[in-house]
Amino acid sequence: MNPATYDIHIRGLVQGVGFRPFIYRLAKEMRMKGWVENRNDGVWIRVTCTGSALNDFINCIRKEAPEASEIFSIEFKEVSPEVIDDFRIIKSRNISDDITEISPDIAVCNDCLEDMKHQPHRMDYPFINCTNCGPRFTIIRDLPYDREKTSMEPFVMCDECHTEYSSVLDRRFHAQPVACNNCGPSYELLEDGKSIHDLQQILVRICFLLENGRIVTIKGMGGFFIACDATNQQTVSRLRALKKREGKPFAVMCASLEAAREYAHLDTEEEKLLSSWRRPIVLLRERAKLAPDVSVGFDTVGIMLPYMPFHYLLFERLKLNVIVLTSGNLSDEPILIDNNRTIEQLSHSTDAILIYNREIYNRTDDSVTMVVNGAERLIRRSRGYVPAPVRLSLPVDGIFASGAELVNCFCIGKDHQAYLSQHIGDLKNMETYSFYRESAEHFSRMFRFTPDVAAADLHPDYLSSRFAHELGIPVTGIQHHHAHIASCLAEHGLDEPVIGVAFDGVGYGDDGHIWGGEFLICGLDNYQRYTHFDYVPMPGGDRATEEPWRMAVSYLYCTFGRTFMELDLPFLRHIPSEILDLVLAAIEKRINCPLTSSAGRLFDAVSALTGLCTVAGFHAEAPMRLEAATDGQIKEYYEVVMDQTIHFESMIEAMVKDMVKGISSSVISAKFHNTVVESSLQVVTRMRSDSAIHKVALSGGSFQNRFLLSRLENRLHQNGFEVYSNRRVPANDGGIALGQLAVAAKRRMIGSNV
Ligand code: ZN
Ligand code: ZN
Ligand code: FE
């Protein structure tokens, strides 16, 4: 075969992840002649070779691409023949204002960990990195991704670093954050008004502090974290008091995979996730070894592995193989990123503060993820994931989706890509809302984004919706649960009506009631509400969310009227009778009792009724306690009544009977979960015969419940349904902006303004 000349165009996450050096080495190995170049629209390669060599080359690119890269497409075409006698990397030129992708932050690679032991100018250098690893998103201010546009800008490369940076064959060729002991950022430990600059002394001191039950603030990749011995109950409970969160589990960092196995049960999928370059917190089944106050009665623990060079240096010297590493913030504020503010806020409450002199531009929390039915399910999408886009089948250019409220994340559209922001948090907190506005601005600048349409939740009081309306562009309002299901459709590339099952805590309904147990016939542009959990009063409105016993009382009242008072249910003994009377009067007179069909509130009710959680210490505690109590062996379920809506009175009645019989809360919890699964299956089966649709999409915060998700998925599969659920974006409100974006895109495309 005669050689010809080809242009290969690779699109995807191929910049800032060591892609060009990879192509260069591969081309040299395969004796290809030509060049590779970074352009705004991806990587371009020109080669002169035979057709079969071209095929081999492309196959190898696909197979061996750097771990943190993601290839969306490889296209090639023949161009006019050119004789090239070498393979070269040619200097990037900016073709247009089209964006280049920004890589998420990448955990330090094994080669760098090796270099840290051998390279004279990088012995134990705690900011070592290369083209395959290191900070990216957290230090980027603008594009194109060049050193001057990052917080590495104040650090002038030394000659040695510059030589590496400029030589094509070096692993640090064009690694923007390249640095060493002589020229890069450095750490400083602050304790009792004294400061230590020497890294070895810092390490010795931090080890001493951690081993002796002290609490240390440590600057991480995307923000500050607070660390302590995870096996020391006294210290962990001191940390708990300091963070003012009584019930919420803390994440821990283990020294290695082996150490992680000591504290949790791991399957292959979970091991892979735990050690992936993204280094998320993985929710795992705990073996009882950590201080009880780490996971406060839950049977799961969030574990992550070291991802910064500093973490490795620390664990090499530390006698502990596990530490608590929780976000450095007080209560619900965003994680701290600024040195001075952190010193102000934490120097009195923690025993020492470790800072470094490089700024964090983009705040990112640790991501949280889990494996259910063999697949990853994101719970919090931040470090290691953001800002990698989700590719959609529709053009979404110019759309800004403002997200929801409590677990906020926004999303911008460029071309066919959805860029979700990092996890922002609860917008009702002032600081968090300014973080939201700031991030929206950062994303617009980085991605050269100017919105011409906005998408917002229908809830009139959400700050995110108000923000969208203040942009001065047309806003399309999207029902909360429609957006949830659309997020699932969008990430699976579906654009057709499906059966949508949306279970969550709160979502503003078209009828002004609070929705959350919804069965929808749902496409991207619009939806029909097929049926839902029957409305029940939510006594005290939002207070019912904080005090799940109110929902138990509401369900009991709907079932028995006031006679439930005679049942002498244990959970009621803790509630002062005058308050109970007020709540009952409120239900009867419909005072401050919005109606809700929320699945979250139903889970709350059962959690309180069984005495597992009557007052919630943190968001979603009651359903989490209920799930944790579940006995997985139980197959039975309760009966429910279905007419226009789904009624749970018969279930509550049977449940109370079980309680009187002395049946354990773990059995009752299992029967309850099974009831939700079986009744959903019945509804969905009826929907299938009415609509001839057999695709089911599951979304909403309740699907963070592994037991519910895994059982419902399995039962649907067994009954011949095609099941879709969220994987790459959270099923909770953190994924909702993706759904909003897709709905707005579809409506724009068909010229509808529903
Ligand atoms: Zn590296
Ligand atoms: Zn240097
Ligand atoms: Fe929701």
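Note that this is a predicted model, so its numbers are computed, not measured.

Notes on the overall build of the protein
- For the protein, the helix and strand inventory stands at 23 helices and 32 strands.
- In terms of C-alpha radius of gyration, the protein reaches 27 Å, essentially the compact-globule figure of 27 Å for 754 residues.
- On the principal axes, the C-alpha backbone points of the protein span a range of 90 × 65 × 50 Å.
- In the protein, of all internal contacts separated by at least 6 residues, the share reaching a separation of at least 24 is 71%.
- Of the roughly 28,600 Å² of accessible surface on the protein, 49% is carried by carbon and sulfur atoms.

Section: the coordination of the iron ion (ligand 3)
- Donor atoms from the polypeptide that coordinate the iron ion (ligand 3) comprise His-480 (NE2), His-484 (NE2), Asp-504 (OD) and Asp-733 (OD), at 2.1 to 2.2 Å from the metal.
- The coordination sphere of the iron ion (ligand 3) comprises four donor atoms, whose angles at the metal cover 84 to 171°; the geometry is irregular.
- All donor residues of the iron ion (ligand 3) come from one chain, and their arrangement in sequence is H-x3-H-x19-D-x228-D. Of this pair, His-480 sits in helix H14 (residues 480-491) while Asp-733 sits in the loop between strand S32 (722-725) and helix H23 (736-750), and the two are 253 residues apart along the sequence.
- For His-480, a relative accessible area of 0% gives the class buried.
- The exposure class assigned to Asp-733 is buried, which follows from its relative accessible area of 12%.

Considerations on the side chain of His-532
- The topology assignment puts His-532 in strand S26 (residues 527-532).
- Residues in contact with His-532, not counting those within four places in the same chain, are Gly-517, Glu-518, Phe-519, Ser-597, Thr-645 and Ile-646.

Considerations on the pairing of strand S8 (residues 216-219)
- Where burial is concerned, the two faces of S8 agree: the one with Val-216 and Ile-218 and the one with Thr-217 and Lys-219 are both buried.
- With four bridges joining them, S8 and strand S9 (residues 224-229) adopt antiparallel strand pairing. In the strand pairing of S9, Val-216 is matched with Ala-227.
- In this structure, the hairpin formed by S8 and S9 is closed by a connection of four residues.
- Sheet analysis places S8 next to strand S15 (residues 352-356), joined by three bridges and oriented parallel. Among the inter-strand pairings, Val-216 is bridged to a residue of S15, identified as Ala-352.

Description of the coordination of the zinc ion (ligand 2)
- In the first shell of the zinc ion (ligand 2), the protein supplies Cys-158 (SG), Cys-161 (SG), Cys-180 (SG) and Cys-183 (SG), at 2.3 Å from the metal.
- Seen from the zinc ion (ligand 2), its four donor atoms lie at angles of 105 to 115°, and the figure they make is tetrahedral.
- Sequence spacing of the donor residues for the zinc ion (ligand 2), all on one chain, is C-x2-C-x18-C-x2-C.
- Its relative accessible area of 0% is what places Cys-161 among the buried residues.

A look at the packing of helix H18 (residues 599-609) against helix H21 (residues 665-691)
- At a closest axis distance of 11 Å, the pairing of H18 and H21 adopts a crossing angle of 160°. For the element pair H18 / H21, the angle class is roughly antiparallel. In this structure, H18 meets H21 at a crossing whose hand is right-handed. Across the interface between the two elements, Leu-602, Phe-603 and Val-606 from H18 touch Phe-672, His-673 and Val-676 from H21.
- Taken together, the residues of the contact of H18 with H21 break down into five nonpolar, one polar and no charged.

Quick word on the sheet that holds strand S18 (residues 390-391)
- Pairing is mixed across the open sheet formed by six strands, whose spatial order is S18-S21-S20-S19-S22-S23. Among the strands making up the open sheet, the edge pair consists of S18 and strand S23 (475-478).
- Both strand S19 (residues 399-401) and strand S22 (residues 453-457) contribute to a ladder of three bridges, which runs parallel. Within S22, the position partnered with Phe-400 by the bridge is Ala-454.

Comments concerning the domain arrangement of the protein
- Domain parsing of the protein yields domain 1 (4-93), domain 2 (104-185), domain 3 (187-356), domain 4 (371-491 + 732-749) and domain 5 (536-725).
- Summarising the inter-unit geometry, the C-alpha centres of domain 1 and domain 2 are found 24 Å apart.
- Taken together, the contacts link nine residues of domain 1 with 10 residues of domain 2.
- Carbon and sulfur atoms supply 66% of the area that domain 1 and domain 2 bury against each other, a total of about 840 Å² over both sides.
- Between domain 1 and domain 2 we count zero salt bridges in total.
- Seen at the junction of domain 1 and domain 2, the total is two residue pairs in polar contact (both at pLDDT 80 or more).
- No other element matches the three residues that helix H1 (residues 19-29) contributes to the side of domain 1 that touches domain 2.

Some thoughts on unusual backbone geometry
- Pro-387 follows Val-386 through a cis peptide bond whose omega is 10°.
- Here Pro-387 is to be found in the loop between strand S17 (375-380) and S18.
- Of note in this structure, Asp-415 is not a glycine but carries a positive phi near 55°.
- Phi is positive for Asn-592, which is not a glycine, with a value near 45°.
- By the secondary structure assignment, Asn-592 is in the loop between helix H17 (577-589) and strand S28 (595-596).

Rules used in this analysis
- Residues numbered from 1 in each chain as written.
- Chains lettered and ligands numbered in written order.
- Predicted model: local features only at pLDDT ≥ 70, side-chain atom pairs only at ≥ 80, totals over all residues.
- Heavy atoms only, no water.
- Helix = DSSP H or I, 4+ residues; strand = E, 2+ residues; numbered from the N terminus.
- Rg over C-alpha atoms; globule rule 2.2 N^0.38 Å.
- Contact = heavy atoms within 4.5 Å.
- Areas by Shrake-Rupley, 256 points an atom, 1.4 Å probe, with all protein chains shown as cover.
- Donors = N, O, S within 2.8 Å, 3.2 Å for Na, K, Ca; no water.
- Tetrahedral: all angles 85-135°; square planar, octahedral: opposite > 155°, others 65-115°.
- Buried < 20%, exposed > 50% of the residue type's maximum accessible area, 1.4 Å probe, protein only.
- Pairing = 2+ DSSP bridges.
- Axes fitted to C-alpha atoms, helices over the stretch in contact; angles between N-to-C directions.
- Parallel < 35°, antiparallel > 145°, perpendicular 65-115°, else oblique.
- Left-handed = near helix turned anticlockwise from the far one by under 90°.
- Nonpolar A, V, L, I, M, F, W, Y, C, P; charged D, E, K, R; others polar.
- Domains from an automatic or database assignment.
- Buried area = accessible area lost by both parts, 1.4 Å probe.
- Salt bridge = Lys/Arg side-chain N within 4 Å of Asp/Glu carboxyl O.
- Polar contact = N/O pair within 3.5 Å; in protein donor to acceptor, adjacent residues only side chain to side chain.

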